[in-house]
Amino acid sequence: MNPKKQTIILSIFAAVLLLSAAAAVILPRYFGNENPVPAGTVGNTAGNAYNEGLFCEYNGIVYFSNPYDGGALYSMNPDESNIKKLSSSSVSHLNAGGSYLFYFQSQASGNSGLGYVRSRHGVFRASLTGKKAVCLYEDIIFNMQLVGNHLYFLSSAADGAHFYQISPQGGDPEELSKTTWNFSCALSDGTVYFNGTENNHYLYRYDTANDSSSVVWEGNIWYPVYNNGYIYYLDVSGNYRLCRYSLSENVIEVLTNDRVDCYNLAGGYLYYQRNSSTAPALVRMNTDGQNPEVLMEGNFTHINVTSRYVYFTAFGVETPIYRTAIGSSSVTTFDAAMAAAAENLK
């Protein structure tokens, strides 16, 4: 071949390769498919997810729904410094992964955002700064968890329950079940533990890699949470007392005989709401059930945790938010969130 022609062909080939590489980077960004959620991602802790996912910590930032500002989306450092308002939307079921936030939007303020965002409720994806909000699914949901590159959630219609998975990039949701599944208890290897809701309350394992499920243990459980080889759960047949089951030894331990409304795990402790007609209270104990201590008397709910604090509210009342440092016996109110909301509402 003529050397001059060969040089021209090689130059054209190199240019094509360069353009292809550029297109691989630019086009996904243009069409909104950049930054897929990394493998091994779990969008929120199981305990938070069971408590409506009002707080979510990711890469050193805490995202939370601020009831002092109508449930608007805020962020802060784990020590509660640098509080910022990210969106006026009223949010819950918070998840984070990759470059994205995911949440259920129940309503939105007219103060910001595009009209279609303000008027819709459903599952939304936004950037970690709360911008570029996109509706992935328009309807009411009851639970949600991000596992790897799939978002799992429960919705309902006139014909009953619908449990879906959907790509974080959007598209049509895929129905996995017509039962009220809850995939809150997810692990970084893609395993999900959940309790049966139809014919039994067994412990099931779901493999998100091949979409298969199997029975792990024929218990009678609710709200399973995995921690260090144990499944913590509410014992349905035992008046919803808090127990744990060893996956390796097939042993059950009763941690308290209190009837439990809701619970969460943080820093080697269990925090739970004791259901009692005479002495209801928020209680903390070790994960083995030892050293129970009443932190605050009354009826509380929405127990959410971060790496530094445990947050909760009184039952049926959105404010104030109470908080206690993990391991502390002192309970105070989350005044920084109230002050930030007041500043933003001026």
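Being a predicted model, the structure only gives us computed values, none of them experimental.

S.K.: Hey, could you run me through the overall build of the protein in this one?
M.R.: When helices and strands are tallied, the protein shows 4 helices and 27 strands. Counting across all 346 residues of the protein, residues that qualify as buried make up 47%. Within the protein, contacts between residues separated by at least 24 positions form 39% of all contacts whose residues are at least 6 apart in sequence.

S.K.: Looking at this structure, how should I read the pattern of salt bridges?
M.R.: In the structure shown here, the tally under the stated rule is 6 salt bridges. For R323, the salt bridge is made with E80, and the minimal N-O distance between the two is 2.7 Å. Within this pair, whereas R323 is found in strand 26 (residues 321-325), its partner E80 is found in the loop between strand 3 (72-76) and strand 4 (84-97), the two being separated by 243 residues in sequence.

S.K.: In this structure, what is going on with the environment of A314? I would like to understand it.
M.R.: Within the fold, A314 resides in strand 25 (residues 309-314). When the C-alpha positions of A314 and G298 are compared, they lie 7.6 Å apart, and in sequence the two are 16 residues distant. Contacts of A314, omitting those with residues within four sequence positions, involve N299, F300, T301 and Y322.

S.K.: What is the right way to look at unusual backbone geometry in this model?
M.R.: The general pattern is negative phi for most residues beyond glycine and trans for most peptide bonds. Following T319, the chain continues to P320 via a peptide bond in cis, the omega torsion being 5°. Relative to the assigned elements, P320 resides in the loop between strand 25 and strand 26. Look at D211: it is not a glycine, yet its phi comes out positive at around 55°. Tracing the backbone through its elements, the reader meets D211 in the loop between strand 14 (203-207) and strand 15 (212-217). Non-glycine residue Y223 carries a positive phi angle of around 55°. We classify Y223 as partly exposed; its relative accessible area is 24%.

S.K.: Even after reading the chapter, I still don't get the nonpolar core, so can you show me in this structure?
M.R.: Among the nonpolar cores identified, the biggest contains 25 residues, and V225, Y232, Y233, L242, Y263, L270 and Y272 are the most heavily contacted of them. Elements represented by at least two residues in this core include exactly helix 2 (46-50), strand 16 (221-227), strand 17 (230-235), strand 18 (241-246), strand 20 (259-266), strand 21 (269-275) and strand 22 (281-286). Here this core takes 4 residues from strand 17, the largest share from any one element. Leaving out residues up to four positions away in the same chain, Y272 has contacts with L242, T256, D258, V260, C262, Y263, A281, L282, V283, M285 and I303. Core analysis: the second largest hydrophobic core is formed by 15 residues, F55, Y68, M76 and F334 among them.

S.K.: For this particular structure, what's the right way to read the sheet that holds strand 23 (residues 293-297)?
M.R.: Backbone hydrogen bonds are what pair the strands of a sheet, in a parallel or an antiparallel way. Across the sheet, 4 strands lie side by side as 20-21-22-23; this open sheet has antiparallel pairing. Two strands bound the open sheet, and with one partner strand each, they are strand 20 and strand 23. Direction aside, the axes of adjacent strands within the sheet are offset by 25° on average. Here strand 20 pairs with strand 21 via 6 bridges, running antiparallel. The partner of R259 across the bridge, within strand 21, is N275.

S.K.: Help me understand the side chain of E80, please; the structure alone is not making it clear to me.
M.R.: Note on E80: relative accessible area 10%, which makes it buried. Not counting residues within four places of it along the chain, the set of residues in contact with E80 comprises Y309, Y311, R323, F334 and A336.

S.K.: What is the right way to read the packing of aromatic side chains from this model?
M.R.: What characterises a pair of aromatic rings is the spacing of the ring centres plus the angle enclosed by the ring planes. Within the structure shown, the criterion is met by 32 aromatic pairs. Pairing F55 with Y311 gives two aromatic rings, centres 4.2 Å apart and planes at 10°, and the pair type is stacked. Within this pair, whereas F55 is found in strand 1 (residues 55-58), its partner Y311 is found in strand 25, the two being separated by 256 residues in sequence. As far as burial versus exposure is concerned, F55 and Y311 are alike and both buried. The side chain of R244 reaches across the aromatic face of Y230, ending 3.8 Å from its centre.

S.K.: When you look at the sheet that holds strand 9 (residues 150-157) in this model, what are you seeing that I'm missing?
M.R.: As summarised here, the arrangement of the 4 strands in space is 8-9-10-11, forming an open sheet in which the pairing is antiparallel. In the strand order of this sheet, the two ends are held by strand 8 (141-147) and strand 11 (174-177), each with one partner. Strand-to-strand twist of the sheet, defined as the mean angle between neighbouring strand axes without regard to direction, takes the value 30°. As defined by bridge partners, strand 8 adjoins strand 9 across 6 bridges and the pair is classed as antiparallel.

S.K.: Got a minute to help me understand the confidence of the model for the protein in this structure?
M.R.: Close inspection of predicted coordinates is inappropriate in any region flagged by low pLDDT. The predicted model of the protein has a mean per-residue pLDDT of 90, with 86% of residues at 70 or higher. In this model residues 13-33 is a low-confidence stretch, pLDDT under 50, and it forms 8 contacts with partners more than four residues away in sequence or in other chains.

S.K.: Help me out: how do you make sense of the side chain of T41 in this one?
M.R.: Checked against the element boundaries, T41 lands in the loop between helix 1 (3-30) and helix 2. Among the residues examined, T41 registers a relative accessible area of 11% and is labelled buried. Of the polar contacts made by the side chain of T41, one reaches the backbone oxygen of P38; its length is 2.8 Å. Once you skip the residues sitting within four places of it in the chain, T41 turns out to touch A96, G97, L146, V147 and G148.

S.K.: What should I look at first to understand the environment of M285 in this one?
M.R.: Mapped onto the elements of the fold, M285 is located in strand 22. M285 sits 16 residues away from Y269 along the chain, and the two C-alpha atoms are 5.6 Å apart.

What counts as what
- Residues numbered from 1 in each chain as written.
- Predicted model: local features only at pLDDT ≥ 70, side-chain atom pairs only at ≥ 80, totals over all residues.
- Heavy atoms only, no water.
- Helix = DSSP H or I, 4+ residues; strand = E, 2+ residues; numbered from the N terminus.
- Buried < 20%, exposed > 50% of the residue type's maximum accessible area, 1.4 Å probe, protein only.
- Contact = heavy atoms within 4.5 Å.
- Salt bridge = Lys/Arg side-chain N within 4 Å of Asp/Glu carboxyl O.
- Core = buried A, V, L, I, M, F, W, Y, C linked by side-chain atoms within 4.5 Å.
- Pairing = 2+ DSSP bridges.
- Axes fitted to C-alpha atoms, helices over the stretch in contact; angles between N-to-C directions.
- Phe/Tyr/Trp six-rings, centres within 6.5 Å; stacked < 30°, edge-to-face > 60°.
- Lys NZ or Arg CZ within 6 Å of the ring centre and 35° of its normal.
- pLDDT = per-residue confidence, 0-100.
- Polar contact = N/O pair within 3.5 Å; in protein donor to acceptor, adjacent residues only side chain to side chain.

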